[in-house]
Amino acid sequence: MSVTVQLKEMSLSLNDVEILKPISATLQSGRLHAITGPNGAGKSSFLKCLLGLMPHKGQIKRHWPDKNRGVAYVPQQLAFEPSLPITIEEYLTTTLTSKALFFKRVSSVRSQVEVLLERVGLEGKEHLRLGQLSGGERQRLMFAQALGQKRHLWCVDEPMTGLDVTAQALITQELLSLRAQGVTLLVVHHDPDWVSDYADEVWSINGGLVGHQVNLHAMGTMRLKTPKVMNRNQEVVA
Ligand SMILES: Nc1ncnc2c1ncn2[C@@H]1O[C@H](COP(=O)(O)OP(=O)(O)OP(=O)(O)O)[C@@H](O)[C@H]1O
């Protein structure tokens, strides 16, 4: 059974202000849906309604085969309290196991953490405290924790904010790989070139759904386009 999410007249009002007019639409599995629109249009609020973080009206119907695989969320510009005494490694460990941190960590979890850090280019930084991370490093870490969760639906809010070109290519490659595995992707993105190259569908939001375009370009030959991955010296390595 494939994954679909159906929105029926989903709307949002906050403090008596209408943020999103009723939206009816369907998200398809194995497709990358780009959410575009101007600042303040309601893009982040749209994702938060889907995640159950905002009190929407209307219906959100989710159909997916494995109830244990829920939704991954990579938020926009997350900040950590600088004095928080927790390292990258400890943080990722807590997202991968239900055991408390003071239990001896099993080697399988340790190696999962290593692999995730490598996938997002944070290898060698596992001992940094969360409050010490730069904006781009925080963004990479949020991606790593989401990758560890094996989810059906990914809600990603402005994933490239603060990322250098190497990290942008890495993250794009991970998103395309998730799509190839049948994951449903919802990505808020401002860059029209990226959207045109990689999105299967473009949803324009501005106080509601004001446009919906199926991007045949990305679904055809461009679907095979893979971003270049560069090393720290900006040399192409893959
Ligand atoms: N609690 C609230 N009460 C009233 N209005 C709110 C509240 N939270 C957000 N808003 C408003 O809702 C609108 C949509 O905000 P949202 O963050 O979803 O926009 P966005 O499209 O993601 O913007 P950006 O591109 O700038 O990130 C904005 O005008 C914002 O000021």
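I will try to describe carefully the structure that is included in this document. These numbers come from a predicted model, not from an experiment.

## Re the overall build of the protein chain
Right, so step 1: Tallying secondary structure elements over the protein chain gives 7 helices and 9 strands in all.
Right, so step 2: Here the protein chain, with 238 residues, has 46% of them falling under the buried criterion.
Right, so step 3: Within the protein chain, contacts between residues at least 6 apart in sequence are counted, and of these 67% link residues at least 24 apart.
Right, so step 4: Summing over all exposed atoms, the protein chain offers an accessible surface of approximately 12000 Å²; the carbon and sulfur share of this is 50%.

## A look at the packing of helix H2 (residues 88-96) against helix H3 (residues 107-119)
Right, so step 1: The contact between H2 and H3 brings their axes to 10 Å, and the two run at 115 degrees. Here H2 lies roughly perpendicular to H3, going by the angle between them. Here the hand of the crossing between H2 and H3 comes out right-handed. Here Ile 88, Glu 89, Leu 92, Thr 93 and Leu 96 of H2 come into contact with H3, specifically with Val 109, Arg 110, Gln 112, Val 113, Leu 116 and Leu 117.
Right, so step 2: Grouping the amino acids of the contact of H2 with H3 by side-chain chemistry returns 7 nonpolar, 2 polar and 2 charged.

## What about the pairing of strand E6 (residues 153-157)?
Right, so step 1: Among the 5 residues in E6, 5 count as buried, and that is most of the element.
Right, so step 2: Neither face of E6 is open: one carries Leu 153, Cys 155 and Asp 157, the other Trp 154 and Val 156, and all of them are buried.
Right, so step 3: Where strand E5 (residues 71-74) and E6 come together, 4 bridges link them in parallel fashion. If you follow Ala 72 over to E6, its bridge partner there is Trp 154.
Right, so step 4: Inspection of the sheet shows E6 paired to strand E7 (residues 184-188) by 5 bridges, in the parallel sense. If you follow Asp 157 over to E7, its bridge partner there is Val 188.

## Some points on the site of the ligand
Right, so step 1: Near the ligand there are 13 residues, and of these Gly 40, Gly 42, Lys 43, Ser 44 and Ser 45 occur at the shortest range.
Right, so step 2: In the model, an oxygen atom of the ligand is placed 3.0 Å from a nitrogen or oxygen of the Asn 39 side chain.
Right, so step 3: One of the backbone nitrogen or oxygen atoms of Ala 41 is found 3.1 Å away from an oxygen atom of the ligand.
Right, so step 4: Contact with the protein chains covers 61% of the free accessible surface of the ligand, which is 650 Å².
Right, so step 5: Here the shell around the ligand gets 3 residues from one element, more than from any other, and that element is helix H1 (residues 43-50).

## Observations regarding the packing of helix H4 (residues 135-147) against helix H5 (residues 165-180)
Right, so step 1: For the pair H4 and H5, the least separation of the axes is 12 Å and the interaxial angle reads 20 degrees. Taken together, the axis directions place H4 and H5 in an arrangement best described as roughly parallel. Read as a crossing pair, H4 and H5 show a hand that is left-handed. Together, Arg 140, Phe 143 and Leu 147 of H4 and Ala 167, Ile 171, Glu 174, Leu 175 and Leu 178 of H5 make up the contact between the two elements.

## Quick word on unusual backbone geometry
Right, so step 1: Residues other than glycine seldom take positive phi values, yet Asp 16 does so here, at roughly 65 degrees.
Right, so step 2: One can find Asp 16 in the loop between strand E1 (4-14) and strand E2 (17-28).
Right, so step 3: Taking the relative accessible area as the measure of exposure, Asp 16 reaches 82% and is therefore exposed.
Right, so step 4: Even without being a glycine, Lys 150 presents a positive backbone phi close to 50 degrees.

Basis of the calculations
- Throughout this document, residue positions are counted from 1 along each chain, in the order its sequence is written.
- Thresholds applied to this predicted model are a pLDDT of at least 70 for local features of residues and 80 or more for the giving and counting of side-chain atom pairs; totals over whole chains, interfaces and linings are not thresholded and use all residues.
- Excluded from the side-chain calculations are hydrogens and water; all other atoms, namely the structure's heavy atoms, are used.
- Secondary structure is summarised from DSSP: a helix means a run of H or I of at least four residues, a strand means a run of E of at least two, and numbering begins at the N terminus for each.
- Relative accessibility under 20% of the residue-type maximum defines a buried residue, over 50% an exposed one, and the middle range a partly exposed one, all with a 1.4 Å probe and only protein chains included.
- Only heavy atoms matter for contacts: two residues are in contact if any of them lie within 4.5 Å across the pair.
- All accessible-area figures derive from a Shrake-Rupley calculation using a 1.4 Å probe, and residue coverage is judged against the displayed protein chains alone.
- Axis definition: a line fit to C-alpha positions, over the contact stretch in the case of helices; interaxial angles, taken between N-to-C directions, run 0 to 180 degrees.
- Note on terminology: angles under 35 degrees are roughly parallel, angles over 145 are roughly antiparallel, angles of 65 to 115 are roughly perpendicular, and the others are oblique.
- With the far helix as reference, a near helix turned anticlockwise by less than a right angle produces a left-handed crossing, and one turned clockwise produces a right-handed crossing.
- Three categories are distinguished: nonpolar for Ala, Val, Leu, Ile, Met, Phe, Trp, Tyr, Cys and Pro, charged for Asp, Glu, Lys and Arg, and polar for the others, with Gly belonging to the last.
- For two strands to be treated as a pair, DSSP must find at least two bridges joining them.
- Near is defined per residue: the residue qualifies when any heavy atom it owns lies within 4 Å of the molecule or strand.
- We define a polar contact as two N or O atoms separated by no more than 3.5 Å, with the added condition that, inside protein, one atom must be a possible hydrogen donor and the other a possible acceptor, whereas residues neighbouring each other in sequence contribute only through side-chain atom pairs.

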